[in-house]
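# Structural overview
So you can see what is in the structure, the chains are spelled out below.
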Amino acid sequence: MKYEIKHEGKFKYIEAGEGEVLMMLHGLFGAMSNFSHLIDFFTPHYKVVVPLLPLFELDILHTTVGGLEKHLKKFIEYKDYKGIHLLGNSLGGHVALVHVLKHPERIKSLILTGSSGLYENGMGDSYPRRGDYEYMKNKTEITFYDPKIATKELVDEVFEIVTNRIKAIKIISLAKSAIRNNLGDQLSEIKIPTLLIWGNNDIVTPPFVGKEFNKLIVGSELHFIDKCGHAPMMEVPDEFNTILMQFLLKLKEPVKVV
């Protein structure tokens, strides 16, 4: 289903459905389309919000994890969302973590999948190779267990980014910022319900990263999905949605009987 992208000032986002807010944050090469299966599934039950993170709109000084978190904070305050279930994939998970650590008051729960913030296996020393389509095709394919998920359309999107000089510089800035911004010694401060959904075949943030998040975030819940890479919500959406829905239902406030 197609959803309208709303433009309000510096913010671009999708908002669909009613109820508690389920907000989804995409990763470094991600887009709103990464969550299409989740939007369709959860819109009848939640107010689903997908902000477009300004990966390429910020000045280079603020093209960092911290800069993206500040944008997210302003967006949440602008919309006056409260009681948010905040979900992030890859870099989006990192941004979600920083936000929860700094401003937990509006967040009801945290959901991370393939999140950076502890460790990630980047594109390698030569990243990004501008103009090398096959290289970027291979790098896109290894994001998934099943390389067929990396359609030509998806590879073309990634290739367009890394062949644009300004965008490539900003991608490098964000990638370096994510590596520098290690949150290991702060994760014990997270007190809200946290769900971790990890691909057993993730080679960007391997399974041991999910286990480490689980150890450091007290009371967090960890689920592994077999035959799945770095973006479970794209590769195995049905299983992902089932795990997420079960988690969210446990957090529903009981109906008061008068």
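Notes on the structure in this doc start here. (Residues numbered from 1 in each chain as written. Predicted model: local features only at pLDDT ≥ 70, side-chain atom pairs only at ≥ 80, totals over all residues. Heavy atoms only, no water.)

## Quick look at the packing of helix H5 (residues 152-163) against helix H6 (residues 165-180)
- Relative orientation of the contacting elements H5 and H6 amounts to 95°, with a least axis distance of 5 Å. Relative to H6, H5 is oriented roughly perpendicular. Contacts between H5 and H6 pair Glu160, Ile161, Val162 and Thr163 from the former with Arg165, Lys167, Ala168 and Ile171 from the latter.
- When its residues are assigned to classes, the contact of H5 with H6 shows four nonpolar, one polar and three charged. (Axes fitted to C-alpha atoms, helices over the stretch in contact; angles between N-to-C directions. Helix = DSSP H or I, 4+ residues; strand = E, 2+ residues; numbered from the N terminus. Parallel < 35°, antiparallel > 145°, perpendicular 65-115°, else oblique. Contact = heavy atoms within 4.5 Å. Nonpolar A, V, L, I, M, F, W, Y, C, P; charged D, E, K, R; others polar.)

## Remarks on the sheet that holds strand E1 (residues 6-8)
- Taken in spatial order, the eight strands make up an open sheet running E1-E2-E4-E3-E5-E6-E7-E8, and their pairing is mixed. The open sheet has two free edges, formed respectively by E1 and strand E8 (221-225), since each of these has just one partner strand. Averaged over all pairs of adjacent strands, the angle between strand axes in this sheet comes to 20°, irrespective of strand direction.
- Of the pairings in the sheet, the one linking strand E3 (residues 21-25) to strand E4 (residues 47-51) comprises three bridges and is parallel in character. Residue pairing for E4: valine 21 is matched across the bridge by lysine 47.
- Contacts from helix H2 (residues 65-79) reach E1, strand E2 (11-16), E3, E4 and strand E5 (84-89) within the one sheet, and its direction differs from that of E2 by about 55°. (Pairing = 2+ DSSP bridges.)

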